[in-house]
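Chain by chain, the residues run as shown.
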Amino acid sequence: GAVVSQHPSWVICKSGTSVKIECRSLDFQATTMFWYRQFPKQSLMLMATSNEGSKATYEQGVEKDKFLINHASLTLSTLTVTSAHPEDSSFYICSASLGQETYEQYFGPGTRLTVT
Amino acid sequence: SQKIEQNSEALNIQEGKTATLTCNYTNYSPAYLQWYRQDPGRGPVFLLLIRENEKEKRKERLKVTFDTTLKQSLFHITASQPADSATYLCALSKAGGYNKLIFGAGTRLAVHP
């Protein structure tokens, strides 16, 4: 149980284009999902908290107009990197929790984004 | 600002021995402390959660301790196996809210046959 998928697993795009990453909870409903990015040998950095049916809450320093998050249903959240630049190249990982009274998170397998 | 420290150097141990990983934190009072396993190129996998009022938690070959006075958690893997080789991440969170996690950078464990 508590399986989270991400698509695509990797993507290469040209500078200036936009890329959408999907995060799905396969066997449970996720009111809240989280988006992280991770640079090599560094910790996961929380980018934003995505709540179904409402606007995402972004962490300080994360540009909400650049990283668009949509949580349209209880099983799907999307992250769109708009006008991508090489410095946006990273490993993006989503996670979901089972509810506000549970504290562990279940992570997707991650998406490797390379912007050329 | 809050800081989580995990040993950045890899821990190399012999198969069958006990691996002990350390997580120290400052400027934070977590209600929960969690340990995750991350394999290269993959998302983290939840292992154990311990609450601030708990001293120790066990699950099969895993044991976690939580000392809120020392601001430290120890993560033990007994009878280690080569399959335990991975990076282990410590994560903190407060009670309530949307359960935001703050992660350490992780410690890489290598178990040699």
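Data block above holds the structure.
Residues numbered from 1 in each chain as written. Chains lettered and ligands numbered in written order. Predicted model: local features only at pLDDT ≥ 70, side-chain atom pairs only at ≥ 80, totals over all residues. Heavy atoms only, no water.

1. Points about the side chain of Ser95(A)
Part 1: With respect to the secondary-structure elements, Ser95(A) resides in strand E9 (residues 90-96).
Part 2: Dropping the residues within four chain positions of it, Ser95(A) is found in contact with Thr32(A), Met33(A), Phe34(A), Tyr36(A), Gln105(A), Tyr106(A) and Phe107(A). (Helix = DSSP H or I, 4+ residues; strand = E, 2+ residues; numbered from the N terminus. Contact = heavy atoms within 4.5 Å.)

2. What to know about the packing of aromatic side chains
Part 1: Applying the stated criterion across every chain, the model contains 11 aromatic pairs over all chains.
Part 2: Relative to Phe103(B), the ring of Tyr36(B) has its centre 5.5 Å away and its plane inclined at 55°; by these criteria the two rings are tilted. Of this pair, Tyr36(B) sits in strand E4 (residues 32-38) while Phe103(B) sits in strand E10 (residues 102-103), and the two are 67 residues apart along the sequence. The same class applies to Tyr36(B) and to Phe103(B), which are both buried.
Part 3: Relative to Tyr88(B), the ring of Phe75(B) lies with its centre 5.4 Å away and its plane at 35°, an arrangement referred to as tilted. With Phe75(B) in strand E8 (residues 72-77) and Tyr88(B) in strand E9 (residues 86-93), this pair connects stretches of sequence that are 13 residues apart. With respect to burial, Phe75(B) and Tyr88(B) carry one shared label: buried.
Part 4: Put simply, the rings of Tyr36(A), Tyr106(A), Phe107(A), Tyr36(B), Phe46(B) and Phe103(B) pair up and form one aromatic cluster.
Part 5: Across the ring face of Tyr28(B), the terminal group of Lys94(B) is positioned such that the distance to the ring centre comes to 4.5 Å. (Phe/Tyr/Trp six-rings, centres within 6.5 Å; stacked < 30°, edge-to-face > 60°. Buried < 20%, exposed > 50% of the residue type's maximum accessible area, 1.4 Å probe, protein only. Lys NZ or Arg CZ within 6 Å of the ring centre and 35° of its normal.)

3. Details of the side chain of Gln38(B)
Residue and element names in this part refer to chain B.
Part 1: One can find glutamine 38 in strand E4.
Part 2: Glutamine 38 sits in the buried class, given a relative accessible area of 7%.
Part 3: At 2.8 Å, the side chain of glutamine 38 forms a polar contact with the backbone oxygen of arginine 42. (Polar contact = N/O pair within 3.5 Å; in protein donor to acceptor, adjacent residues only side chain to side chain.)

4. So, the interface of chain B and chain A
Part 1: Contact residues are listed per partner, giving 23 residues for chain B and 23 residues for chain A.
Part 2: Taken over both partners, the interface formed by chain B and chain A buries close to 1800 Å², and the fraction arising from carbon and sulfur atoms is 56%.
Part 3: The tally of links from chain B across to chain A stands at 1 salt bridge.
Part 4: As a salt-bridge pair, Lys100(B) and Glu59(A) come within 3.0 Å of each other at their nearest N and O atoms.
Part 5: In this structure, the connection of chain B to chain A is made through 4 residue pairs in polar contact (both at pLDDT 80 or more). (Buried area = accessible area lost by both parts, 1.4 Å probe. Salt bridge = Lys/Arg side-chain N within 4 Å of Asp/Glu carboxyl O.)

5. Here we look at the pairing of strand E5 (residues 45-51) of chain B
Along any regular strand the residues' side chains alternate between the sheet's two faces.
Residue and element names in this part refer to chain B.
Part 1: Taken across its 7 residues, E5 has 5 buried, putting it largely inside the fold.
Part 2: Taken together, the 6 bridges between E4 and E5 define a ladder with antiparallel strand orientation. Considered in E5, the bridge of leucine 33 is made with isoleucine 50.
Part 3: If you look at the hairpin formed by E4 and E5, you'll find 6 residues sitting between the two strands, and glycine 41 has a positive phi there, around 70°. (Pairing = 2+ DSSP bridges.)

6. Notes on the sheet that holds strand E8 (residues 76-81) of chain A
Residue and element names in this part refer to chain A.
Part 1: Sheet architecture is open: 4 strands sit in the order E1-E3-E8-E7, paired in antiparallel fashion. In the strand order of this sheet, the two ends are held by strand E1 (4-7) and strand E7 (67-73), each with one partner. Each adjacent strand pair in this sheet contributes to an overall mean axis angle of 15°, direction not counted.
Part 2: In this sheet, E8 lies alongside E7 in antiparallel orientation, the contact comprising 5 bridges. Considered in E8, the bridge of serine 73 is made with leucine 76. (Axes fitted to C-alpha atoms, helices over the stretch in contact; angles between N-to-C directions.)

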